[in-house]
Amino acid sequence: MARRKIIAGNWKMNKTPSETTALINELKPLVANDEVDVVFCVPAIDIILAIEAAKGSNIQIGAENMYYEENGAYTGEIAPNMLTDVGVKYVIIGHSERREYFAETDETVNKKVLKAFEHGITPIICCGETLTQREQGIAIDFIRTQIKIAFQNVSAENAANAVIAYEPIWAIGTGKTATTAQAEEVCKAIRECIKEVYGSDVAEKIRIQYGGSVNAGNAAELFAEADIDGGLVGGASLKPDFGKIVNYK
Ligand SMILES: O=C(CO)COP(=O)(O)O
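What counts, and where the lines are drawn
Residues numbered from 1 in each chain as written. Predicted model: local features only at pLDDT ≥ 70, side-chain atom pairs only at ≥ 80, totals over all residues. Heavy atoms only, no water. UniProt positions renumbered as here; feature names shortened; annotations may be inferred. Phe/Tyr/Trp six-rings, centres within 6.5 Å; stacked < 30°, edge-to-face > 60°. Helix = DSSP H or I, 4+ residues; strand = E, 2+ residues; numbered from the N terminus. Buried < 20%, exposed > 50% of the residue type's maximum accessible area, 1.4 Å probe, protein only. Near = heavy atom within 4 Å. Polar contact = N/O pair within 3.5 Å; in protein donor to acceptor, adjacent residues only side chain to side chain. Areas by Shrake-Rupley, 256 points an atom, 1.4 Å probe, with all protein chains shown as cover. 1 Å grid on protein atoms, 1.4 Å probe; cavity = no way out; pocket = protein on both sides within 12 Å on 5 of 7 lines; lining within 4 Å. Sits in = over half its atoms within 2 Å of the grid points. Pairing = 2+ DSSP bridges. Axes fitted to C-alpha atoms, helices over the stretch in contact; angles between N-to-C directions. Contact = heavy atoms within 4.5 Å. Core = buried A, V, L, I, M, F, W, Y, C linked by side-chain atoms within 4.5 Å.

With an unreviewed UniProt entry as reference, the protein is termed Triosephosphate isomerase, source organism Lachnoanaerobaculum gingivalis. On record in UniProt, under Catalytic activity (unreviewed entry), the comment for the protein is "D-glyceraldehyde 3-phosphate = dihydroxyacetone phosphate". Per UniProt, the protein has the following entry under Sequence similarities (unreviewed entry): "Belongs to the triosephosphate isomerase family."

Asks: Would you mind going over the packing of aromatic side chains in detail, with residue names and values included?
Replies: Tallied over the entire structure, the rule returns 8 aromatic pairs. Residues Phe 40 and Phe 242 carry aromatic rings whose centres are separated by 5.5 Å and whose planes lie at 75° to one another, so their mutual orientation is edge-to-face. Remark: Phe 242 occurs in helix 12 (residues 241-246) and Phe 40 occurs in strand 2 (residues 37-42); sequence separation between them is 202 residues. Phe 242 matches Phe 40 in its accessibility class, with the two residues each being buried. Ring geometry for Phe 151 and Tyr 198: centres 6.2 Å apart, planes at 70°, overall edge-to-face. Of this pair, Phe 151 sits in the loop between helix 7 (139-150) and helix 8 (156-161) while Tyr 198 sits in helix 9 (residues 180-198); the two residues are 47 residues apart in sequence, bridging distant segments of the chain. Tyr 198 carries the same exposure label as Phe 151, and that label is buried. Among the aromatic residues, those joined into a ring-pair cluster are Trp 11, Phe 40 and Phe 242.

Asks: Residues and numbers for the site of the ligand, please.
Replies: Surveying the vicinity of the ligand reveals 13 residues, the closest of which are Lys 12, His 95, Glu 167, Gly 173 and Ser 213. Glu 167 is positioned such that a nitrogen or oxygen atom in its side chain is 2.9 Å from an oxygen atom of the ligand. Between Gly 235 and the ligand, the recorded distance is 2.9 Å, taken from a backbone N or O atom to an oxygen atom. If the ligand stood free it would expose 310 Å²; the protein chains cover 94% of that surface. Mapping the ligand onto the cavity grids shows that it belongs to the second largest pocket.

Asks: Talk me through the sheet that holds strand 3 (residues 59-63); I want residue IDs and the actual numbers.
Replies: A barrel is described by the order of its strands in space; here 8 strands give the closed sequence 1-2-3-4-5-6-7-8, paired in parallel fashion. Averaged over all pairs of adjacent strands, the angle between strand axes in this sheet comes to 25°, irrespective of strand direction. Sheet topology places strand 3 next to strand 4 (residues 90-93); 2 bridges connect them, and they run parallel. Its bridge partner lying in strand 4, Gly 62 is registered against Tyr 90.

Asks: Give me the side chain of Arg 207: which residues, what numbers.
Replies: Locating Arg 207 in the fold gives a position in strand 7 (residues 207-211). Overall, the relative accessible area of 14% leaves Arg 207 in the buried class. Dropping the residues within four chain positions of it, Arg 207 is found in contact with Arg 3, Arg 4, Lys 5, Ile 6, Asp 37, Tyr 90, Ala 162, Val 163, Ile 164 and Asp 229.

Asks: Please give an account of the environment of Glu 196 that cites residues and values.
Replies: Among the secondary structure elements, Glu 196 is positioned in helix 9. Separated by 13 residues in sequence, Glu 196 and Gln 209 have C-alpha atoms that sit 19 Å apart. Non-local contacts of Glu 196, meaning those with residues more than four positions away in its chain, are made with Arg 144 and Lys 148.

Asks: Quick one: what's the story with the nonpolar core, residue by residue and with numbers?
Replies: Counting residues in each nonpolar core, the largest one holds 67 residues, and the members touching the most others are Phe 40, Ile 61 and Phe 151. When residues in this core are grouped by element, the largest group, 7 residues, is from helix 9. Each residue touching Phe 151, except ones within four places of it in the same chain, is listed here: Asn 110, Ile 125, Ala 159, Ala 162, Ile 164, Ile 194, Tyr 198 and Ile 206. Counting residues in each nonpolar core, the second largest holds 11 residues, with Ile 6, Ala 8, Ile 124 and Val 163 among its members.

Structure, rendered in structure tokens:
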């Protein structure tokens, strides 16, 4: 079964609201491609303007984070219904930068994933090993644990619609991409793990992205792999290069 590719940009902590409209207007014609899902995950304060600017294009807007409670005394957090209220369809959950700098754990990732589905938002669930873990040969074991905890109590129907982003931490923002074989090996292992939990139907449907120094030069080779269904792109998503990544064929 052919899975539709999903190519998402993660703007991280870049671009002010005034820069947002200009960047989306610049990229809009470059990312026009009806054969893939194109998502821009932008800072919370940019979301409303991004949605406005993306109107009439194939770009869907996502958030970079979300809290797992409905509302209340959680200063500084964004609730799921604040995102759906303005038309957000995707949310990145458990990016390694959030795990490292903002104390996110596999357990909070799981709570956020469940909450996102409850609100009809598709989570882009991030996983990935450190360089030490890779060198010690425990990368796949580590990622299997991340995945199993992230999906606890997630129904098969929801799991089939989830997106997983495999992002080796040592490849993020370093210019050091995993080789195509390394990326495919782990994405395949993730699909195998999903198959063990949910069966082959869900495993065949779920989309698995690769992220970590994806650029216009390596996207085509990565996305041609059997288990890589697109990319989560950081630095290169802020430039016209993103158009080349989306139109990688
Ligand atoms: O973390 C990433 C996307 O979420 C990858 O970032 P870079 O593409 O800048 O390496």
